[in-house]
Amino acid sequence: MKKIVTAVTCIVIAIGLFFGIRSAFITKSFYFNDAESVTISDLENKKVVEITDKEDKRFIETFCSGRNSFPGTLETPACFFDTVRVTIVKNGKTYYVYPTNDGCDNLLIKYKGTEYYASMNGSLKKFVKIVQKNRLSWT
């Protein structure tokens, strides 16, 4: 009887570990093209600029789109996401995107209380030019 209880306990633990590990590796893709609005702000949200130039908006939508984004529960990269906040509204849903400025080329995407990490899609230099063109600070 003791062996049966031990075996069942091991099976239950193995199943729990399997589903826990599996859920940690589920990625989410974010595609922001044709968003209703794109704004860039400082981190304190004191200065907010809506991006209305079609070319700039299209670039930012692509730049911030993250394929195979990993949830923050898996790993937090050693990057600094303390530059600007991009707010994207698409299909009535709001997403917050924070690009790095330290050479990591990563994005932090916040959606529904969960943090996801993805790679930038495009030129950071072009993104910074758009930020500066809209009189926001990039440090």
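Structure first, text after, so check above.
Draft legend 1. A look at the state of the cysteines. By the definition in use, this model includes 1 disulfide. The partner cysteine of C79 in its disulfide is C104, sulfur to sulfur 2.2 Å. An S-S torsion of about -100° defines the bridge between C79 and C104 as left-handed. Taken together, the residues span a long stretch of sequence, with C79 in the loop between β4 (66-71) and β5 (84-90) and C104 in the loop between β6 (93-99) and β7 (106-111) at a distance of 25 residues. A relative accessible area of 28% places C104 in the partly exposed class.

Draft legend 2. Just the packing of aromatic side chains, in detail. Enumeration over the complete set of coordinates arrives at 10 aromatic pairs. Ring geometry for F30 and Y116: centres 5.2 Å apart, planes at 65°, overall edge-to-face. Linking F30 in strand β1 (residues 28-30) with Y116 in strand β8 (residues 114-119), this pair joins segments that are 86 residues apart in sequence. Taken as a pair, F30 and Y116 share a single burial class, namely buried. Between the aromatic rings of F63 and F127, the centroid separation amounts to 4.7 Å while the plane-to-plane angle is 10°, which identifies the pairing as stacked. Of this pair, F63 sits in helix α2 (residues 54-64) while F127 sits in helix α3 (residues 124-133); the two residues are 64 residues apart in sequence, bridging distant segments of the chain. By relative accessible area, which is 0% here, F63 ends up buried. Within the aromatic cluster, the residues linked to one another by ring pairs are F30, F32, Y95, Y111 and Y116.

Draft legend 3. Inspection of the environment of S123 at higher detail. Tracing the sequence through the fold places S123 in the loop between β8 and α3. Sequence-distant contacts of S123, that is, excluding residues within four places in its chain, are made with F59 and F63. In this structure the side chain of S123 is engaged in a polar contact, spanning 3.3 Å, whose partner is the backbone nitrogen of K125. A polar contact of 3.1 Å, which involves the side chain of S123, links it to the backbone nitrogen of K126.

Draft legend 4. Local environment of the nonpolar core. I40, I60, V86 and F127 are the most contacted members of the largest nonpolar core, which has 28 residues in total. Those elements that place two or more of their residues in this core are β2 (37-42), α2, β5, β6, β7, β8 and α3. Excluding its chain neighbours within four sequence positions, the residues that come into contact with V86 are V38, T39, I40, I60, C64, Y95, Y96, V97 and F127.

Draft legend 5. Representation of the pattern of salt bridges in the model. The tally for this structure, following the rule as stated, stands at 4 salt bridges. Put simply, K133 and D56 hold a salt bridge, and the shortest N to O gap is 2.5 Å. Here the residue K133 occupies a position in helix α3, and D56 occupies one in helix α2, the gap between them amounting to 77 residues. On the basis of relative accessibility, which here comes to 7%, the residue D56 falls in the buried class. A salt bridge links E61 to K57; the nearest nitrogen and oxygen atoms lie 2.5 Å apart. Placement of the pair is E61 and K57 together in helix α2, with a separation of 4 residues, close to one helical turn. Residues E61 and K57 agree in their burial class; the two are buried.

Procedures and definitions
- Residues numbered from 1 in each chain as written.
- Predicted model: local features only at pLDDT ≥ 70, side-chain atom pairs only at ≥ 80, totals over all residues.
- Heavy atoms only, no water.
- Disulfide = S-S within 2.5 Å.
- Helix = DSSP H or I, 4+ residues; strand = E, 2+ residues; numbered from the N terminus.
- Buried < 20%, exposed > 50% of the residue type's maximum accessible area, 1.4 Å probe, protein only.
- Phe/Tyr/Trp six-rings, centres within 6.5 Å; stacked < 30°, edge-to-face > 60°.
- Contact = heavy atoms within 4.5 Å.
- Polar contact = N/O pair within 3.5 Å; in protein donor to acceptor, adjacent residues only side chain to side chain.
- Core = buried A, V, L, I, M, F, W, Y, C linked by side-chain atoms within 4.5 Å.
- Salt bridge = Lys/Arg side-chain N within 4 Å of Asp/Glu carboxyl O.

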